[in-house]
Amino acid sequence: MGKYIVEYSEKGCIGAGVCEAFSEKDWKVGPNGKAVLNGGKFDAAKGVWVKEIDEKDLPANRQAAEGCPSSVIRIFNKDTGEKIF
Ligand code: SF4
């Protein structure tokens, strides 16, 4: 089963909650009005939150990324580096 990397740039998040609507497992809008990528780690060099997900969680996260009005969610294939969204 393939692995994917979700990257999330908190700075541009406007708290619209689309991500949470598609995947409550991976996303939650916090009290500060910014989404939290559950279980994510902050990559200080890139300035983004990063989380590895399984292929089964790809569809929901892809919908989150596509639906995010601020376009602050990116998804990459972990093995090939290919940008999925
Ligand atoms: S959908 Fe995008 S803008 Fe909305 S809460 Fe999630 S990350 Fe933030």
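Calculation notes
- Residues numbered from 1 in each chain as written.
- Predicted model: local features only at pLDDT ≥ 70, side-chain atom pairs only at ≥ 80, totals over all residues.
- Heavy atoms only, no water.
- 1 Å grid on protein atoms, 1.4 Å probe; cavity = no way out; pocket = protein on both sides within 12 Å on 5 of 7 lines; lining within 4 Å.
- Points joined across faces, edges and corners; volume = space filled by probe spheres on them.
- Nonpolar A, V, L, I, M, F, W, Y, C, P; charged D, E, K, R; others polar.
- Buried < 20%, exposed > 50% of the residue type's maximum accessible area, 1.4 Å probe, protein only.
- Helix = DSSP H or I, 4+ residues; strand = E, 2+ residues; numbered from the N terminus.
- Arc of directions from axis to C-beta.
- Contact = heavy atoms within 4.5 Å.
- Near = heavy atom within 4 Å.
- Sits in = over half its atoms within 2 Å of the grid points.

Participant: Tell me about empty space enclosed by the protein, and please be specific about residues and values.
Facilitator: Within the structure shown, the criterion is met by one cavity of 30 Å³ or more. When its volume is computed, the largest cavity comes out at roughly 100 Å³. What lines the largest cavity is a set of 16 residues, and nearest its centre among them are Cys-13, Ala-16, Gly-17, Cys-19 and Cys-68. Partitioning the lining of the largest cavity into residue classes produces 13 nonpolar, three polar and no charged.

Participant: Let's hear about helix 2 (residues 58–67): which residues, and what values?
Facilitator: Buried within helix 2 are the following residues: Leu-58, Asn-61, Ala-64 and Ala-65. The arc enclosing the buried residues of helix 2, seen along the axis, measures out at 125°, which places them on a common side. Along its buried surface, helix 2 packs onto strand 1 (3–8), helix 1 (18–22), strand 2 (27–29), strand 5 (48–54) and strand 6 (73–77).

Participant: Can you break down the site of the ligand residue by residue, with the values?
Facilitator: Taken together, 14 residues form the shell around the ligand, and within it Cys-13, Ala-16, Gly-17, Cys-19 and Cys-68 come nearest. Here the ligand occupies the largest cavity. Its residues placed into classes, the shell around the ligand shows eleven nonpolar, three polar and no charged.

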